[in-house]
Amino acid sequence: MKQKIEKTEKRRRKKVKHDTAFDYVNIALLVVLALLCLYPMWFVIVGSFNKGYDYLKGGVYFWPRTFTLANYAVVLADNRIWQGLLMTVIRCLIAPLLHIFLCSIVAYGMSRKELHFKKFFNIFGLITMFFSGGLVPFYVLCKLLGMLNTFAMYILPGAYSVYNMILIRSFIKGIPEELHEAAVLDGAGEFRIYFTMIIPLSMPILMTVLLWGILGHWNDYTTTMFYTPSNRNIYTLQYILMLIIQEGNVQSSVGSSVSGEAASETISLAAMVIGTIPMLIAFPFLQKYFTKGLYVGSLKG
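Each value, and the rule that gives it
Residues numbered from 1 in each chain as written. Predicted model: local features only at pLDDT ≥ 70, side-chain atom pairs only at ≥ 80, totals over all residues. Heavy atoms only, no water. Helix = DSSP H or I, 4+ residues; strand = E, 2+ residues; numbered from the N terminus. Buried < 20%, exposed > 50% of the residue type's maximum accessible area, 1.4 Å probe, protein only. Areas by Shrake-Rupley, 256 points an atom, 1.4 Å probe, with all protein chains shown as cover. Contact = heavy atoms within 4.5 Å. Polar contact = N/O pair within 3.5 Å; in protein donor to acceptor, adjacent residues only side chain to side chain. Axes fitted to C-alpha atoms, helices over the stretch in contact; angles between N-to-C directions. Parallel < 35°, antiparallel > 145°, perpendicular 65-115°, else oblique. Left-handed = near helix turned anticlockwise from the far one by under 90°. Nonpolar A, V, L, I, M, F, W, Y, C, P; charged D, E, K, R; others polar.

**Student:** Is there a simple way to explain the overall build of the protein chain in this structure?
**Tutor:** For the protein chain, the helix and strand inventory stands at 15 helices and zero strands. Across the 301 residues in the protein chain, those meeting the buried criterion constitute 36%. Carbon together with sulfur atoms contributes 69% to the accessible area of the protein chain, which is approximately 18,600 Å² in total.

Rendered as structure tokens:
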């Protein structure tokens, strides 16, 4: 009987390991889909490394026909780029970390059964998540609070999110209650439990939310455009890149050394690549936290 079961198991394993026609078709379709998703980015990179006057002739699709770094020289020679990069880095360091702290500490409180009026807080938070006053009332409110054209506009309005709080709370609820009880018996207070136990154990979901925040703040240009247009000292990188793309031609900022090699189209492509590179570098290091945190946080309740 045992030998028969082993033979059946071996046949089953061989059958599972054997690739079917569906597997090959599925792999081929996924490869084609991946190439279709990657090609627009590759097209932008190719155009950014091609001479401007040659690119305008057309036909540059898969490789630079006449290679040049003039487009990047034009963009990087604009001093606004470095100022905007500094503002964006500071914003991406402060705002997501503050967001993580506020959302996680509220999530920890909302996860506790002994919290009074928890149902009221939950309903109140859900109402604010689904209903808002709109763009104009929000603008008027920011003006009354004196946040327009200040760096605080990048930090305070998005410092807390009910959705992310719920996501973190779902993850925290999956932490065994016995750990909390043991910490209380050892004399630990709520703040100590939060910083020494909840934060380390919730790192996957916290890193996921942190990645969302960094991506959102890095790619955002509308906040600068709507709420801080008068203060050039706090322009962010994406807004400056948008201005460069709109201006089209900024060759005069570096003189005649790139004259004829850079065109408005290729300069715009180079600006797009520069704005994307930091996130492409950072994402692989955070991807494992992103996948694990999103999956577990969405299931634990």
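**Student:** Would you mind showing me how to read helix 14 (residues 237-247) here?
**Tutor:** Think of an α-helix as turning once every 3.6 residues; residues three or four places apart then point the same way. Summarising burial for helix 14: eight of the 11 residues are buried, a large majority. Taken together, the buried positions of helix 14 are occupied by Leu-237, Gln-238, Tyr-239, Ile-240, Leu-241, Met-242, Leu-243 and Ile-244.

**Student:** Looking at this structure, I do not really get the environment of Tyr-194. What am I missing?
**Tutor:** Topologically, Tyr-194 is positioned in helix 11 (residues 190-201). Given the relative accessible area of 2%, Tyr-194 is considered buried. Along the backbone, Tyr-194 and Gly-109 are 85 residues apart, and their C-alpha atoms lie at a distance of 9.5 Å. If near-sequence neighbours (up to four positions away) are discounted, Tyr-194 is found in contact with Phe-101, Ser-104, Ile-105, Tyr-108 and Ile-199. A polar side-chain atom of Tyr-194 sits 3.5 Å from the main-chain carbonyl oxygen of Phe-101. Reaching out from Tyr-194, the side chain makes a polar contact with the side chain of Ser-104 at a distance of 2.5 Å.

**Student:** Please clarify how the packing of helix 5 (residues 79-111) against helix 11 should be interpreted in this entry.
**Tutor:** Angle between the axes and distance between the axes: these two values describe a pair of packed helices. With their axes 11 Å apart at the nearest point, helix 5 and helix 11 run at an angle of 110° to one another. Comparing their axes, helix 11 and helix 5 come out roughly perpendicular. For helix 5 against helix 11, the interelement crossing comes out right-handed. Residues Phe-101, Ser-104, Ile-105 and Tyr-108 of helix 5 lie in contact with helix 11, whose contacting residues are Glu-190, Phe-191, Ile-193, Tyr-194, Phe-195, Ile-198 and Ile-199. When its residues are assigned to classes, the contact of helix 5 with helix 11 shows nine nonpolar, one polar and one charged.

Any link to function would need more than the numbers given here.
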